[in-house]
Amino acid sequence: MANVSRIHRELMQFSKDQSILGMSLMADDDDVRHLTATIPGPTSTPYDGGIFHLDITLPDGYPFDPPKMRFTTKVWHPNISSQTGAICLDILKNNWSPALNLKTALISLQALLSSPEPNDPQDAVVAKQYLGDYATFVATARRWTEDFAKASSANFSGKVHKLVEMGFPEALVKKTLEAVGGDENMALERLCPK
Amino acid sequence: MDSEDDMHDANDAESVDDDFYSGETAMDSDDGDAADYEFIDNDSDDSNDLVSHRSQQNYTILNETDIQLRQEDDITKIASILSISNVAAAILLRHYNWSVSKVNDEWFADEEKVRRVVGLLEEPRPLPNAKELTCGICFEVYPNDSMRSAACGHPFCVTCWQGYISTSINDGPGCLTLRCPDPSCGAAVGKDMVVSLASHDDREKYRRYFLRSFVEDNRKVIVLSFNFLIIDLRFFFISPLIQNGVLLLVVDYAVDFIVGGGTFDVTCRCSYSFCWNCTEEAHRPVDCDTVSKWIMKNSAESENMNWILANSKPCPKCKRPIEKNQGCMHITCTPPCKFEFCWLCLGAWSDHGERTGGFYACNRYEAAKQEGVYDDTEKRREMAKNSLERYTHYYERWATNQSSRQKALADLQQMQSVHLEKLSDKQCQPESQLKFITEAWLQIVECRRVLKWTYAYGYYLPEHEHAKRQFFEYLQGEAESGLERLHQCAEKELQGYLNVEGPSKDFNEFRMKLAGLTSVTRNYFENLVRALENGLSDVDAHGGTSRTGGSRSLGAGSSKGRTSRSKGTASRSSGSRNIDDSGHWSCEYCTFANAKSATVCQMCQQRR
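Every value quoted in this text rests on a predicted model; they were computed, and no experiment measured them. (Residues numbered from 1 in each chain as written. Chains lettered and ligands numbered in written order. Predicted model: local features only at pLDDT ≥ 70, side-chain atom pairs only at ≥ 80, totals over all residues. Heavy atoms only, no water.)

*Asks:* Hey, could you run me through the overall build of chain A in this one?
*Replies:* Helix and strand counts for chain A come out as seven helices and four strands. Counted from the first residue to the last, chain A has its helices and strands arranged as α-β-β-β-β-α-α-α-α-α-α. Split into buried and exposed, the 194 residues of chain A put 48% on the buried side. Looking at chain A alone, contacts between residues at least 24 apart form 51% of all its contacts between residues at least 6 apart. For chain A, the exposed area adds up to about 9,800 Å²; of that, 54% sits on carbon and sulfur atoms. (Helix = DSSP H or I, 4+ residues; strand = E, 2+ residues; numbered from the N terminus. Buried < 20%, exposed > 50% of the residue type's maximum accessible area, 1.4 Å probe, protein only. Contact = heavy atoms within 4.5 Å. Areas by Shrake-Rupley, 256 points an atom, 1.4 Å probe, with all protein chains shown as cover.)

*Asks:* In this structure, what is going on with the overall build of chain B? I would like to understand it.
*Replies:* Along its length, chain B carries 21 helices and 15 strands. With 608 residues in all, chain B has 50% of them scored as buried. Entry remark: accessible area of chain B is about 29,800 Å², with carbon and sulfur atoms responsible for 50%.

*Asks:* In this structure, what is going on with a negative patch on the surface? I would like to understand it.
*Replies:* A cluster of acidic side chains, namely Asp 110, Glu 112, Glu 122 and Glu 123 of chain B, defines a negative patch on the protein surface. With respect to the helices and strands, Glu 122 of chain B occurs in the loop between α7 (111-118) and β2 (132-134). (Patch = residues over 30% accessible without salt bridge, like charges linked within 9 Å, V, L, I, M, F, W, Y side chains within 5 Å. Salt bridge = Lys/Arg side-chain N within 4 Å of Asp/Glu carboxyl O. Lys, Arg positive; Asp, Glu negative; His and termini not counted. Charge placed at Lys NZ, Arg CZ, Asp CG, Glu CD.)

*Asks:* Mind showing me how you'd approach the sheet that holds strand β1 (residues 24-27) of chain A here?
*Replies:* As a general point, the strands of a sheet are linked pairwise by backbone hydrogen bonds and lie either parallel or antiparallel. All names here are of chain A. Overall, antiparallel pairing links the four strands, which are arranged β1-β2-β3-β4 in an open sheet. Each end of this open sheet is capped by a strand with a single partner; those strands are β1 and β4 (68-71). Within this sheet the neighbouring strands show an average axis-to-axis angle of 20°, counted without direction. Sheet topology places strand β3 (residues 51-57) next to β4; four bridges connect them, and they run antiparallel. (Pairing = 2+ DSSP bridges. Axes fitted to C-alpha atoms, helices over the stretch in contact; angles between N-to-C directions.)

*Asks:* Explain the packing of helix α5 (residues 86-95) of chain B against α7 of chain B to me, please; I cannot follow it from the model alone.
*Replies:* Helix packing geometry: the angle between the two helix axes and the distance between the axes. All names here are of chain B. Look at α5 against α7: their axes get within 11 Å of each other, and the N-to-C directions meet at 85°. The angle between α5 and α7 falls in the class roughly perpendicular. Taken together, the residues of α7 that come into contact with α5 (itself represented by Ile 91, Leu 92 and His 95) are Val 114, Val 117 and Val 118. Looking at the contact of α5 with α7 residue by residue, the class counts come to five nonpolar, one polar and no charged. (Parallel < 35°, antiparallel > 145°, perpendicular 65-115°, else oblique. Nonpolar A, V, L, I, M, F, W, Y, C, P; charged D, E, K, R; others polar.)

*Asks:* How do you make sense of the pairing of strand β2 (residues 34-40) of chain A when you look at a structure like this?
*Replies:* Each regular strand displays side chains that alternate between the two surfaces of the sheet. Residues and elements named next belong to chain A. For β2, the tally of buried residues reaches five of seven residues, placing the bulk of the element in the interior. Strand direction decides the pairing type here: β1 and β2, joined by four bridges, are antiparallel. What sits directly across from Ala 27, in β2, is Leu 35. Two elements, β2 and β3, share seven bridges in a ladder whose sense is antiparallel.

*Asks:* Help me understand the side chain of Glu 10 of chain A, please; the structure alone is not making it clear to me.
*Replies:* Note on placement: Glu 10 of chain A falls in helix α1 (residues 4-21). Ignoring anything within four residues of it in the chain, the contact list for Glu 10 of chain A reads Tyr 62, Asn 101, Leu 102 and Lys 103 of chain A together with Phe 139 of chain B.

*Asks:* Help me understand the interface of chain B and chain A, please; the structure alone is not making it clear to me.
*Replies:* How large an interface is tends to be reported as the accessible area lost when its parts come together. Contacts between the two partners involve 13 residues from chain B, matched on the other side by 13 residues from chain A. For the pair chain B and chain A, the summed buried surface comes to about 1,000 Å²; carbon and sulfur atoms form 66% of the total. Applying the counting rule to chain B against chain A returns one salt bridge. In this structure, the salt-bridge partner of Glu 140 of chain B is Arg 9 of chain A, at a minimum N-O distance of 3.0 Å. On the surface where chain B and chain A come into contact, there are five residue pairs in polar contact (both at pLDDT 80 or more). The leading source of residues in the side of chain B that touches chain A is helix α8 (residues 158-170) of chain B, at four residues. (Buried area = accessible area lost by both parts, 1.4 Å probe. Polar contact = N/O pair within 3.5 Å; in protein donor to acceptor, adjacent residues only side chain to side chain.)

*Asks:* Help me out: how do you make sense of the confidence of the model for chain B in this one?
*Replies:* Atom-level detail of predicted coordinates should not be read off regions where pLDDT is low. Residue and element names in this part refer to chain B. Chain-level pLDDT for chain B is 69 on average; 57% of the residues reach the 70-or-more range. Confidence drops under a pLDDT of 50 for residues 1-56, and excluding neighbours within four residues, the segment shows 96 contacts in the predicted structure. In the model, residues 543-581 has pLDDT below 50 throughout and makes 76 contacts with residues more than four positions away in sequence or in other chains. For this predicted complex, the interface score ipTM comes out at 0.73, alongside a pTM of 0.51. (pLDDT = per-residue confidence, 0-100.)

*Asks:* When you look at the environment of Lys 175 of chain A in this model, what are you seeing that I'm missing?
*Replies:* Residue and element names in this part refer to chain A. Positionally, Lys 175 belongs in helix α6 (residues 170-179). The exposed category is assigned to Lys 175, whose relative accessible area is 63%. For the pair formed by Lys 175 and Val 160, sequence separation is 15 residues and the distance between their alpha carbons is 9.9 Å.

*Asks:* Mind showing me how you'd approach the pattern of salt bridges here?
*Replies:* Note that side chains of opposite charge can pair when their charged atoms are close. Residues and elements named next belong to chain B. For the coordinates displayed, the defined rule picks out 16 salt bridges over all chains. Lys 102 is paired through a salt bridge with Glu 106; the nearest N and O atoms lie 3.6 Å apart. You can see Lys 102 and its partner Glu 106 sitting in helix α6 (residues 100-109), four residues apart, about one turn around the helix. Take Lys 102: its relative accessible area is 37%, and that puts it in the partly exposed class.

*Asks:* Honestly, helix α2 (residues 102-114) of chain A in this entry has me stumped. Any pointers?
*Replies:* In an α-helix there are 3.6 residues to a turn, and that puts residues three or four apart on one side. All names here are of chain A. Taking 1.5 Å per residue, 13 residues should reach 18 Å; α2 reaches 19 Å between its end C-alpha atoms and fits that length. What α2 keeps buried is the set Leu 102, Ala 105, Leu 106, Leu 109, Gln 110, Leu 112 and Leu 113. For α2, the angular spread of the buried residues around the axis is 155°, confining them to a single face. In this fold, the buried residues of α2 make contact with α1, β1, β2, β3 and β4. A side-chain oxygen of the first residue of α2 lies 3.0 Å from the backbone nitrogen of Lys 103; this N-cap is Asn 101. (Expected span 1.5 Å × (residues − 1). Arc of directions from axis to C-beta.)

*Asks:* Got a minute to help me understand the packing of helix α17 (residues 466-498) of chain B against helix α18 (residues 507-533) of chain B in this structure?
*Replies:* All names here are of chain B. Contact pair α17 / α18: the axes reach a minimum separation of 10 Å and the direction vectors enclose 155°. The pairing of α17 with α18 is recorded here as roughly antiparallel in orientation. Crossing of α17 against α18: the hand is left-handed. Looking at the contact of α17 with α18, its residues break down into 17 nonpolar, three polar and four charged. (Left-handed = near helix turned anticlockwise from the far one by under 90°.)

*Asks:* It is not clear to me how the environment of Leu 442 of chain B should be interpreted in this structure. Could you clarify?
*Replies:* Among the secondary structure elements, Leu 442 of chain B is positioned in helix α16 (residues 435-460). Residues Leu 442 of chain B and Ala 408 of chain B lie 34 residues apart in sequence; the distance between their C-alpha atoms is 8.5 Å.

*Asks:* Would you mind going over α7 of chain B with me for this structure?
*Replies:* All names here are of chain B. Burial in α7 covers these residues: Val 114, Arg 115 and Val 118. End-on view of α7: buried residues confined to an arc of 100°, all on one side of the axis. Turned more than 90 degrees from where α7 packs its buried face, Glu 112 and Arg 116 sit exposed.

This is the structure in structure tokens:
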């Protein structure tokens, strides 16, 4: 069983540093081992200005086993799957240590956004582009940041508008779009009654 | 050659003596549980004799204790040379794959660097000197004395250490390189700390990883540097029991092998034999290349074989299999053969024409089929020289001997677990006196193995070397009949003594016979193996008249006296030495142990 008191301590500690970091970390109301986080895209990178959402699950072995983290916002990055948001980062795998914590892991992720490691890729297509055609990579990453990571952008309201025109209530559309990181298709999927 | 033979026979004689009359035999093993599984005594001297009498032994079978002792030796050595603790020495050795010389070299080249890489601090730092400390993992505050740290002094509470260590051990052998949990640190966590904090089960796991690492990592490093080490090259290997499937025993015996000492065959104490070089099962007299060729062929052919036999016919001229997938009955074989023939009757196309009923319906075939001349199986037998048929011929016999060997192994186990006890009961013999039966079965298993590989040998023996082929087939035939005799005696005749009410009078005679047969067969097979390994060079020396030469070189082979009458130096030399106190004499010709009263060998009818 994961060490719940440690998680609470981490959350308390995090809330103190939150403003400096510009990140957010929230546990689900009913399950402290399931959390969501956001990290700002680092400045002077194609991700600048974006807010990236993450889904975090703490395994039973936490903190001795690493947390499971995944981007819910779509990101164009060699070490992050453009399809699933899976992350390739050593400290989330072999190099995890129980003396690390969610805050350090999130900081590491932010660092990963600034300095990709295309030689150890998660997404081969992106990595290939990064190595072969850097300009296109930067352009694509920037466009993805615009499209998916900027909730408040004109683009966002454009999407809201589109979905509202389809007949969904505006408040629900906004909430859903935010939850899926701005992905129009995913939002539509969620909105459609099953 | 002669002297070598003498040596072997002398060994045989000794082992026969041992087996019959010494009280200390396999079944006396004090290791109760192990005795159920092990075919051979725990006492290493004994078992080594048993497996190695056919060649000088260039390997040692190590059990866990042996491995541990060697490991401890190396650790102590490094600890005293470098003046460091045993724990630190173990960390160092493991990092350098247990190579003592590598540790020495690296350490004296740049101690500081080695320390940094491995995580050994020069000066251990104590825990911070405060009454209460915060654990770096659970963030709780604890009194100083319930905190622990590696040599670096980073404090973590005991509970977190335990969780950390347990997670690591259950993740696999990586736990042997455990470091301080502080990501910026990297100080090594030694065996002592792990052992003191791990749970009982985890401790056992850790201990095994530690031991295995000595064996496995060692092997890797030496294989890598194979070309650079010349003398006394040793490495270790876990006996591949699990692959075997037949033997249930999963033991971590390691084998210490010294390259350059002759054969590659290694027999583990569990009785599984394998080739050091290619790790396939032991395959003397065939070399590793032939084995891999043969195994490859088997895996490739067996699937194809059925299809080919069912769907193709061999070209009547060149025997290559031909599939008729469309078109008329007029077949033209592919170049260079280009033979034109009729698919139906397999006759030459030139014979076909109007008179045979037209080109497209061969009435020769129809007519002959009605008369029963063109029986398909008949045809097949005719085509025996077809390469695929030929392969099938060898493969079937190879496979039959293989399964026969598996059966013999199972019988041997059954014998040891059930029958020996019963027999000992019925015949009022201590089990230690029944070792000759185990011996016989071990020999059968070995013979089946050799025989099996002679079929791969035969398959690759060039067709045009007629003299060699003939000689080879003769030897093989003799080997087979010799083995059948032994198998028959050990299987059928033994039954007679198992299913009786009281002790049989002639049980001693049976003992003599079976032990004699075992020894004869062993001799024959050892000579056979040697002859085949030499590429049947006797044939070259003797030209076409290989029979007499061959039978001489193989010495005592057949009880029917065909080969045994030839006076091989090998068997003669063993004769006189085989007379022992209990009043048996060993036949000079076939080494059969006869009762003192007999003047004629009961096995081969030669005079004493």
